Amino acid sequence: MGARTLVTTSKNSERMRGIRRQDTAPEMRLRSTLHASGLRYRLHRKQLPGTPDIAFVAQKVAVFVHGCFWHAHAGCAKATVPKSNTDFWVRKLEQNRSRDEAVRERLEGLGWRVLAIWQCELDRDIKEAANRIKVIIKQRSRHRCD
Ligand SMILES: [Zn+2]
């Protein structure tokens, strides 16, 4: 312990910088894909729990674009725990995950549908991720025509 714990590997500091990174290129491409499909949304609505990255206000659908590492994507190759300061990271990532869950519960309590889109999904296929959102928007729009 002591001074050693203060050492941050370059890989970790890269991750630290990524914590609050908003408007990443894949996220922007997701947004323009949605926009091109005629969907309209609000960004980073601070009035909502967790400040969703993308919010479809009329349909009450909140989308979070999650970095796989930072939000501890279960079973994902990108969600590895760093080998240095392991205890710190395990605790930190666990905190993040329970915060995500608390945010989801609060939004659901307000009648919102919550959707997490993972970074690895965007890396793989942005169109498919956009489709996942579109399907839910469609379902939620139908409700309003009853
Ligand atoms: Zn992932």
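Residues numbered from 1 in each chain as written. Predicted model: local features only at pLDDT ≥ 70, side-chain atom pairs only at ≥ 80, totals over all residues. Heavy atoms only, no water.

Concerning helix H4 (residues 86–109)
Now for step 1: With 24 residues, H4 extends 34 Å between its outermost C-alpha atoms, agreeing within 8% with the 34 Å of an ideal straight helix rising 1.5 Å per residue.
Now for step 2: Within the sequence span of H4, burial applies to Trp89, Leu93, Asn96, Val103 and Leu107.
Now for step 3: Just downstream of H4, glycine 111 is the residue with a positive phi angle, here 90 degrees. (Helix = DSSP H or I, 4+ residues; strand = E, 2+ residues; numbered from the N terminus. Expected span 1.5 Å × (residues − 1). Buried < 20%, exposed > 50% of the residue type's maximum accessible area, 1.4 Å probe, protein only.)

Considering the side chain of histidine 66
Now for step 1: Looking at where histidine 66 falls in the secondary structure, it is placed in strand E3 (residues 61–66).
Now for step 2: Separated by 3.4 Å, the side chains of histidine 66 and histidine 71 make a polar contact.
Now for step 3: If near-sequence neighbours (up to four positions away) are discounted, histidine 66 is found in contact with His71, Asp100, Ala116, Ile117, Trp118 and Gln119. (Polar contact = N/O pair within 3.5 Å; in protein donor to acceptor, adjacent residues only side chain to side chain. Contact = heavy atoms within 4.5 Å.)

Describing helix H3 (residues 25–36)
Now for step 1: Across its twelve residues, H3 extends 16 Å between first and last C-alpha, which sits within 8% of the 16 Å expected from 1.5 Å per residue.
Now for step 2: Among all positions of H3, only Pro26, Glu27, Leu30, Arg31 and Leu34 are buried. Looking straight down H3, one finds that the buried residues subtend no more than 140 degrees of arc, so they occupy a single side. Exposed and facing more than 90 degrees away from the buried side of H3 are Ala25, Arg29 and Ala36. (Arc of directions from axis to C-beta.)

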